Amino acid sequence: MLIKRRNFLVALALSSSLVVTGITGCGGGNGESTTADGAKTLVMATSADYPPYEFFETERGEGKPVGFDVDIATYITEELGYELEIQDMDFNGIIPALQAGRADFAMAGMTPTPEREENVDFSSIYYEAKNTIVAKAGSGFKTYEDLAGKTVGVQLGSIQEQEAREKAEEIGDIALEPRNKISELIQEMKAGRIDAAIVEDTVAAGYIANNPDLEFTTLDAGAEASGSAIAFPKDSELREDFEAVLEEMKENGTLESLIKKWFEDYYAEQAGASE
Ligand code: ARG
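(A) Local environment of the pairing of strand E11 (residues 196–200). Across the five residues that make up E11, a large majority, five, are buried. Side chains of E11 alternate between two faces, with Ala 196, Ile 198 and Glu 200 and Ala 197 and Val 199 buried alike. Across five bridges, strand E8 (residues 131–136) lies against E11 in antiparallel orientation. The residue of E11 that forms the bridge with Ile 133 is Ile 198. With two bridges joining them, strand E9 (residues 151–155) and E11 adopt parallel strand pairing. For Gly 153, the partnering residue across the bridge sits in E11 and is Ala 197.

(B) Layout of the pattern of salt bridges. On inspection of all chains with the given rule, the structure shows 10 salt bridges. Asp 90 is paired through a salt bridge with Lys 181; the nearest N and O atoms lie 3.0 Å apart. With a gap of 91 residues between them, Asp 90 in the loop between strand E5 (83–88) and helix H3 (94–99) and Lys 181 in the loop between strand E10 (175–179) and helix H6 (182–190) connect regions that are remote in the sequence. Judged by its relative accessible area of 28%, Asp 90 falls in the partly exposed class.

Definitions and cut-offs
- Residues numbered from 1 in each chain as written.
- Predicted model: local features only at pLDDT ≥ 70, side-chain atom pairs only at ≥ 80, totals over all residues.
- Heavy atoms only, no water.
- Buried < 20%, exposed > 50% of the residue type's maximum accessible area, 1.4 Å probe, protein only.
- Helix = DSSP H or I, 4+ residues; strand = E, 2+ residues; numbered from the N terminus.
- Pairing = 2+ DSSP bridges.
- Salt bridge = Lys/Arg side-chain N within 4 Å of Asp/Glu carboxyl O.

Here it is, written out as structure tokens:
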């Protein structure tokens, strides 16, 4: 009886440690809200259209986002003694949300860039990625030059949009179609409304596993390395604390096991399910 009760309490504590609110149900940023046991809640901004980093398990986006970033955030906030609340929004709205104090940090497979660093602070990089061209199977696009005369989708506010803009200017004759969600890009490509999309390899692989009518080719990254880091409002004191736990995760194998969970096991499951 005693054990059962304890398990119940543990379950209750766990279930209350992850609260998800929509963009309108604005939770307190800056750790303003406090739960019954006195733990502060940190609000994480994300764009849950990015499997396996963050996504909803149901097509209609009910429930809580899951994924690699969510597991990392859960681990770090637990280690530091915070409750975690996740706020889903368009990728393009994440940095403004941090700047306005509507979120305490952001994890969204976000790549540090000099432009972003003017407005937010970043942790070290926790996972690397390269850009790819996603298109209907058989399209055979291998380089940006192959996209001349084509309509190309990108996520609004992403580094993919930035890179594609530069290439479009250089090459000319590439019509960019920015969208808020990666899932919109995939749907429009399947419907033939856009010819291709620029998406990171880590995410493209999952979408392709689920959509055998699509293919992807990794682009030559050139000199630019890109990877994901945690973003914070400028001068946030959280950055150092998060970084310490992130380093710990890199050293104690936690990060490696989460990489295996989400970039190997999850992909294998997806590939198996679509056969
Ligand atoms: N790494 C890219 C960037 O930082 C794309 C990230 C998109 N993330 C997302 N959750 N949709 O711009």
